[in-house]
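So the chains spell out like this:
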Amino acid sequence: MKKFSEFRIGDAFHSTCSISDKELEGYLNFSRVRNAFLEDKQKGEQQIVSGRAILSRMEGEFSRLNQIYGNHIVFLGTDGDPEWKNRNTRFLKPLYTDEVLKLKFTISQVEDIDDEFGKIGVDYEGTDNSGEPIVLSKKNIYRIKKEPPR
């Protein structure tokens, strides 16, 4: 696990994941997202994964990284990117259930808040097996305790 003082802008961490039909169904039931397009599944076909489910999984995968897990860290939200008219996320192509999503998390901001906490900004990038971008999400902000619990 990295401490706050060890994070540097440009640090990159990697992971992979996929979202099964069952996981997507569980997410949609929990979040109560209603979308006729997502519910219009043909028997035996892969489903399109909702953008919110993709972002939720990416955030979860970030918090499970060996470099992150064990820190007291809280997702604060997103600041948006001035280059994208202050938006922060772009979905560039669909992701289907059971497809592999290759994840890259890049530290884009490191800032002191006070003696006890700091703030890090993380850019997410998700690609398919061929390296084609599926999702880009910039300026995801986390509050992190400077000295993790022992």
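Before reading further, recall that the structure is shown in the block above.
Thoughts on the environment of Gly 51
Link 1 in the chain: By the element assignment, Gly 51 lies in helix 3 (residues 51-64).
Link 2 in the chain: Linking Gly 51 and Thr 89, residues 38 residues apart in sequence, is a C-alpha distance of 9.5 Å.

Concerning the nonpolar core
Link 1 in the chain: Residues Phe 62, Leu 101, Ile 120 and Val 122 are the most contacted members of the largest nonpolar core, which totals 26 residues.
Link 2 in the chain: Looking at this core, the elements that each hand over two or more residues are strand 1 (12-17), helix 1 (21-31), helix 3, strand 4 (101-112), strand 5 (117-127) and strand 6 (133-145).
Link 3 in the chain: The residues contacting Phe 62, other than those within four sequence positions of it, are Ile 68, Ile 73, Phe 105, Ile 120, Val 122, Tyr 124 and Tyr 142.

Quick word on the side chain of Ser 137
Link 1 in the chain: Structurally, Ser 137 is set in strand 6.
Link 2 in the chain: Look at Ser 137 and you get buried, because its relative accessible area is 1%.
Link 3 in the chain: Within polar-contact distance, the side chain of Ser 137 engages the side chain of Asn 88 at 3.4 Å.
Link 4 in the chain: Excluding residues within four positions of it along the chain, Ser 137 makes contact with Leu 55, Asn 88, Thr 89, Val 122, Asp 123 and Tyr 124.

Examining the pattern of salt bridges
Where charged atoms from two side chains of opposite charge come close, those side chains can pair.
Link 1 in the chain: Taken as a whole and assessed by the stated rule, the structure comprises seven salt bridges.
Link 2 in the chain: As a salt-bridge pair, Glu 147 and Lys 3 come within 3.4 Å of each other at their nearest N and O atoms. In this pair, Glu 147 is assigned in the segment after strand 6 and Lys 3 in the segment before strand 1, connecting sequence segments 144 residues apart.
Link 3 in the chain: Between Lys 145 and Glu 116 there is a salt bridge, with the nearest N and O atoms lying 3.1 Å from each other. Placement of the pair is Lys 145 in strand 6 and Glu 116 in the loop between strand 4 and strand 5, with a sequence separation of 29 residues.

Let's talk about the packing of aromatic side chains
Link 1 in the chain: Applying the stated criterion across every chain yields a total of six aromatic pairs.
Link 2 in the chain: When the centroid spacing of 5.4 Å and the interplanar angle of 55° are considered together, the rings of Phe 62 and Phe 105 count as tilted. Of the two residues, Phe 62 sits in helix 3 while Phe 105 sits in strand 4, which places them 43 residues apart along the sequence.
Link 3 in the chain: For Phe 105, a relative accessible area of 0% puts it in the buried group.
Link 4 in the chain: These aromatic residues form a ring-pair network of at least three members: Phe 62, Phe 75, Phe 105, Tyr 124 and Tyr 142.

Overview of the pairing of strand 5
Link 1 in the chain: Of all eleven residues making up strand 5, nine are buried, and the element is well covered by its neighbours.
Link 2 in the chain: With ten bridges connecting them, strand 4 and strand 5 associate as antiparallel partners. Residue pairing in the sheet places Ile 107 in a bridge with Val 122 of strand 5.
Link 3 in the chain: Direction of pairing for strand 5 relative to strand 6: antiparallel, over a ladder of ten bridges. Note that in strand 6 the partner of Phe 117 across the bridge is Lys 145.
Link 4 in the chain: With antiparallel pairing between neighbouring strands as the criterion, strand 5 and strand 6 make up a hairpin whose turn holds five residues, including Gly 131 at a positive phi of roughly 90°.

Some thoughts on unusual backbone geometry
Link 1 in the chain: Positive phi is not limited to glycine here, since Asn 86 has a value of about 65°.
Link 2 in the chain: One non-glycine residue with positive phi stands out, namely Lys 139, at about 65°.
Link 3 in the chain: Residue class for Lys 139 comes out partly exposed when judged on its relative accessible area of 28%.

Parameters and conventions
- Residues numbered from 1 in each chain as written.
- Predicted model: local features only at pLDDT ≥ 70, side-chain atom pairs only at ≥ 80, totals over all residues.
- Heavy atoms only, no water.
- Helix = DSSP H or I, 4+ residues; strand = E, 2+ residues; numbered from the N terminus.
- Core = buried A, V, L, I, M, F, W, Y, C linked by side-chain atoms within 4.5 Å.
- Buried < 20%, exposed > 50% of the residue type's maximum accessible area, 1.4 Å probe, protein only.
- Contact = heavy atoms within 4.5 Å.
- Polar contact = N/O pair within 3.5 Å; in protein donor to acceptor, adjacent residues only side chain to side chain.
- Salt bridge = Lys/Arg side-chain N within 4 Å of Asp/Glu carboxyl O.
- Phe/Tyr/Trp six-rings, centres within 6.5 Å; stacked < 30°, edge-to-face > 60°.
- Pairing = 2+ DSSP bridges.

Geometric descriptors of this kind do not, in isolation, establish any biological role.
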